[in-house]
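Chains, contacts and geometry: an overview
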Amino acid sequence: MKQVFKQLKQYKKPTFQCILMAALEVVMEILLPFVTAHIVDEGLDAGNLSVVYRYGGVMVVLAFLSLVFGAAAGRYAATAASGLGANLRQGLYDTIQTFSFSNIDKFSVPGLVTRMTTDVTNIQNAFMMIIRIAVRAPLMFIFSFAMCVYISPRLSATFLIAVVFLVVVIGTIMVITLRIFDRVFRKYDDLNASVQENVSAIRVVKAFVRENYENEKFSRASENIRKMFVKAEGLLAFNNPAMMIAVYFCIIMVSWLGAQFIVAGDLSAGDLTSLFSYIMSLLMSLMMLSMVVVMISISLASIHR
């Protein structure tokens, strides 16, 4: 891992700039529902249009800043991740030039090609997710839950039930799919070997009329990869239904209990409105984290290779 991140070199600055911009983007987004609550309580309920205009202007500014910080984070993330990928490929190529004959015998050409293409791309994509989404999602989760506790500590217990449910379901899916992805990379080597052997020995293949055999060999390797991806993606597809169950559970519970709190005078309509926004932010951050875990785990296999 240390050897890989040493390849950042001149791209360390964009990495830290991306993390800073992503954090500022989260802060802007977290403040928006809070301002909405003031518009509902102090402006609409009281019939005070000047308050609506004032807080509406604040919301426009916050939304614009969130857009600017998000765009900057994306640009810095792309710069840092692409730079890391380029440095990794160059480092791998330079290392291959120093191989002894025993090294050359140990590492096959298809395996080296897979490392310089698929594996480096996986690491590059994972790094982009780490410095952007893996920063954004935990901060969004923490800040959203903190705001929920600030608005209504009793209603916040509802979110804990949904969070535990999502952690169990998504965690189980992740453990199974990661094992599948680990086997996929070994199958990629078989696929590349089929192509490399067929192209390098094309004259022999044609001379002995082995085209059909080579086609079947490639088809088997490609079909194995397809089946594994279908199985893994099929399991990952359960993330969205699990997410929707948690979201609707929270919406129903907050609507039911929140209405009782409003009647009792323990909660305002503006606070209830902002709670719905924080529900989505909190649960979506968990979904993003699950995707990050998958990508990071795939990249760990690539880093090891």
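Details of the structure are given in the entry above.
Everything numeric in this text was worked out from a predicted model, so none of it was measured. Numbers given for residues are sequential positions, taken from 1 along each chain in its written order. Totals for whole chains, interfaces and linings use every residue, but because this is a predicted model, local features are given only for residues with pLDDT of at least 70 and side-chain atom pairs only at 80 or more, for both listing and counting. Side-chain metrics rest on all non-hydrogen atoms present in the structure, leaving aside hydrogens and water.

1. Details of the overall build of the protein
Within the protein, the secondary structure is distributed over 11 helices and zero strands. Listing the helices and strands of the protein from first to last along the sequence gives α-α-α-α-α-α-α-α-α-α-α. C-alpha atoms of the protein, sized along the principal axes, occupy 90 × 40 × 30 Å. Residues classed as buried in the protein amount to 37% of the 305 residues present. By the criteria applied, helices consist of DSSP H or I runs no shorter than four residues and strands consist of E runs no shorter than two, each listed in order from the N terminus. With a 1.4 Å probe rolled over the protein chains alone, any residue whose accessible area is under 20% of its type maximum counts as buried; one over 50% counts as exposed, and the rest are partly exposed.

2. Focus: the layout of surface pockets
Using a 1 Å grid laid over the protein atoms alone, points where a 1.4 Å probe fits but cannot get out form a cavity; open sets with protein on both sides within 12 Å along at least 5 of 7 lines form a pocket; any residue with an atom within 4 Å of a point counts as lining. Grid points are joined across faces, edges and corners, and a volume is the space filled by probe spheres set on the points. By volume, the largest pocket is sized at about 470 Å³. Every residue lining the largest pocket is counted, 20 residues in all, and those nearest its centre are Val4, Leu88, Leu92, Ile303 and Arg305. For the lining of the largest pocket, the secondary structure elements donating two or more residues are α1 (2-5), α3 (49-97), α5 (109-131) and α11 (269-304). Examining the composition of the lining of the largest pocket, we find that six residues originate from one element, α5, more than from any other. The classification used treats Ala, Val, Leu, Ile, Met, Phe, Trp, Tyr, Cys and Pro as nonpolar, Asp, Glu, Lys and Arg as charged, and all other residues, Gly among them, as polar. For the lining of the largest pocket, a count of residues per class yields 12 nonpolar, five polar and three charged. In this structure, the second largest pocket occupies an estimated 230 Å³ of space. Around the second largest pocket sit 14 residues that line it, and Asn122, Phe181, Phe229, Met295 and Ile298 are the ones nearest its centre. Where the lining of the second largest pocket is concerned, the elements lending two or more residues are α5, α7 (153-200), α9 (211-236) and α11. Looking at the lining of the second largest pocket residue by residue, the classes come out as 11 nonpolar, two polar and one charged.

3. Details of the environment of Ile173
The residue Ile173 is located in helix α7 in this model. Residue classification places Ile173 among the buried positions, given a relative accessible area of 9%. When the C-alpha atoms of Ile173 and Asn215 are compared, they prove to be 35 Å apart, with 42 residues separating the residues in sequence. Every residue in contact with Ile173, bar those within four places of it in the chain, is listed here: Leu235, Leu236, Phe238 and Asn239. Working rule for contacts: check all heavy atoms of both residues, and any pair within 4.5 Å makes them a contact.

4. Considerations on the packing of aromatic side chains
Aromatic contacts are taken between Phe, Tyr and Trp rings whose centres are within 6.5 Å, Trp giving its six-membered ring; a plane angle under 30 degrees counts as stacked, one over 60 as edge-to-face, and the others as tilted. Under the counting rule described, the total for this entry stands at one aromatic pair. With a centroid separation of 6.3 Å and an interplanar angle of 55 degrees, the aromatic rings of Phe34 and Tyr150 are classed as tilted. Residue Phe34 is found in helix α2 (residues 12-44), and its partner Tyr150 is found in helix α6 (residues 133-151); the two are separated by 116 residues along the sequence. Since its relative accessible area comes to 28%, Phe34 is described here as partly exposed. The class for Tyr150 is exposed, based on a relative accessible area of 60%. Above the face of the Phe261 ring, Arg154 is positioned so that its terminal group lies 4.3 Å from the ring centre. Working rule: Lys NZ or Arg CZ, within 6 Å of ring centre, within 35 degrees of ring normal, means a charge sits over the ring.

5. Some words on the side chain of Ser152
Position of Ser152 among the secondary structure elements: in the loop between α6 and α7. Sequence-distant contacts of Ser152, that is, excluding residues within four places in its chain, are made with Phe261, Leu267 and Leu275.

6. Re α9
What a helix should span is 1.5 Å times the count of its residues minus one. With 26 residues, α9 ought to run about 38 Å at 1.5 Å a step, and its terminal C-alpha atoms sit 37 Å apart, in line with that. Taken together, the buried positions of α9 are Glu214, Ala221, Ile225, Met228, Ala232 and Leu236.

7. Some details on a nonpolar patch on the surface
Each patch is assembled from residues with relative accessible area greater than 30% and no salt bridge, linking like charges that lie within 9 Å and nonpolar side chains (Val, Leu, Ile, Met, Phe, Trp, Tyr) that lie within 5 Å. The method behind every accessible area is Shrake-Rupley, applied with a 1.4 Å probe, and residues are considered shielded solely by the protein chains displayed. Definition used for salt bridges: Asp or Glu carboxyl oxygen within 4 Å of a side-chain nitrogen of Lys or Arg. Together, Val61, Phe64, Leu65, Leu67 and Val68 line one region of the surface with nonpolar side chains, adding up to about 450 Å² of accessible area. By the element assignment, Phe64 lies in helix α3.

8. What to know about the pattern of salt bridges
If you walk through the whole model with that rule in mind, you get four salt bridges. Ionic pairing is found between Arg136 and Glu29, a salt bridge with its closest N-O pair at 2.8 Å. Here Arg136 is found in helix α6, whereas its partner Glu29 is found in helix α2, with 107 residues between them in sequence. Between Glu223 and Arg226 there is a salt bridge, with the nearest N and O atoms lying 2.5 Å from each other. Residue Glu223 and its partner Arg226 are located together in helix α9, separated by three residues, close to a single helical turn.

Functional significance is not addressed by these values, which are geometric in nature.
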